[in-house]
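# An overview of the molecular structure
Below, each chain spelled out in residue letters.
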Amino acid sequence: SVIVRLVSGSVLLRFEVLLGGFVFLMFIVPHAYWSNSYAVLAAVGFFGLWFLTTSAGKREKLYPKALGLPFLPVRLMQGSGLLFVFACVGSLIFTSALSDSVRILSFFISAFLLCFVITADTTDERRLRSLMAWIYAAVILTSLYAIAQRFMGVEVSASYTDLDLN
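Treat the numbers as computed from the prediction; the structure is a model and nothing was measured.

What counts, and where the lines are drawn
- Residues numbered from 1 in each chain as written.
- Predicted model: local features only at pLDDT ≥ 70, side-chain atom pairs only at ≥ 80, totals over all residues.
- Heavy atoms only, no water.
- Helix = DSSP H or I, 4+ residues; strand = E, 2+ residues; numbered from the N terminus.
- Buried < 20%, exposed > 50% of the residue type's maximum accessible area, 1.4 Å probe, protein only.
- Areas by Shrake-Rupley, 256 points an atom, 1.4 Å probe, with all protein chains shown as cover.
- Core = buried A, V, L, I, M, F, W, Y, C linked by side-chain atoms within 4.5 Å.
- Contact = heavy atoms within 4.5 Å.
- Patch = residues over 30% accessible without salt bridge, like charges linked within 9 Å, V, L, I, M, F, W, Y side chains within 5 Å.
- Salt bridge = Lys/Arg side-chain N within 4 Å of Asp/Glu carboxyl O.
- Axes fitted to C-alpha atoms, helices over the stretch in contact; angles between N-to-C directions.
- Left-handed = near helix turned anticlockwise from the far one by under 90°.
- Nonpolar A, V, L, I, M, F, W, Y, C, P; charged D, E, K, R; others polar.

### Things to note about the overall build of the chain
- Each helix and strand counted, the chain has 7 helices and 0 strands in total.
- Counting helices and strands in the order they occur from the N terminus, the chain gives α-α-α-α-α-α-α.
- Going through the 166 residues of the chain one by one, you find that 20% of them count as buried.
- Total accessible area on the chain is roughly 12300 Å²; 71% of this is exposed by carbon and sulfur atoms.

### Observations concerning the nonpolar core
- With 13 residues, the main nonpolar core has F15, L19, F22, F46, W50, L114 and V117 as its most contacted residues.
- Listing elements by their share of this core, those giving two or more residues are helix 2 (15–28), helix 3 (36–55) and helix 6 (98–121).
- Residues contacting F22, with those up to four places away along its chain left out, are W34, Y38, A39, A42, F46 and L114.

### Quick look at a nonpolar patch on the surface
- Where nonpolar side chains cluster on the molecular surface, the patch consists of F84, V85, F86, V89, I104, F107 and F108 and spans about 650 Å² of accessible area.
- Of all the secondary structure elements, the ones that give two or more residues to the nonpolar patch are helix 5 (74–91) and helix 6.
- Top element by residues in the nonpolar patch is helix 5. It accounts for 4 residues.
- We classify F86 as exposed; its relative accessible area is 58%.

### Some remarks on the packing of helix 3 against helix 6
- Two elements in contact, helix 3 and helix 6, have axes whose closest approach is 8 Å; the angle formed by their N-to-C orientations is 35°. Where helix 3 crosses over helix 6, the handedness of that crossing is left-handed. Contact residues: helix 3 offers N36, A39, V40, A43, V44, F46, F47 and W50, while helix 6 offers R103, S106, F107, S110, L113, L114, F116, V117 and A120.
- Its residues assigned to classes, the contact of helix 3 with helix 6 comprises 13 nonpolar, 3 polar and 1 charged.

### What to know about the pattern of salt bridges
- Within the structure shown, the criterion is met by 4 salt bridges.
- R126 is paired through a salt bridge with E16; the nearest N and O atoms lie 2.7 Å apart. With R126 in helix 7 (residues 125–152) and E16 in helix 2, the pair connects residues that are 110 residues apart, well separated along the chain.
- A salt bridge links E125 to R129; the nearest nitrogen and oxygen atoms lie 2.8 Å apart. One end of the pair, E125, and the other, R129, are both in helix 7, 4 residues apart, so they sit about a helical turn from each other.

Any functional reading would require information that these geometric values do not contain.
Spelled out as structure tokens, the structure:
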């Protein structure tokens, strides 16, 4: 197919580049514009893409026992993992602030899926370096923006740095 031939050699459409780019966006998008639902949608999308490419034989299979901690004690993790899932879902029943509970639950879901996908994707040094380059770029850009804000005279909220105010 024409589309497959056009994107097969693309540098930008590699899985680790897309994943790293998303992590970069999570770092640099201002809090006022970000929603956990974006992370959930992306995490589900990346998990689905990983699952499809693994099922098609294009990626290495993931063996949880080979990963070591925290995935090594699979039997123990199944019990505590199920308990954690039941606690998160059960908290929706007994909460007084449903929207906050759903927001935190979506945060946990996206964090778990992204950790799983990142762990499954970083199978060699090249992929790890690619992901780390995106993270370093995001940290550097965020730091430069903070320095620029300092020079522009943006006031720092004391509640961000003073534990007594929180």
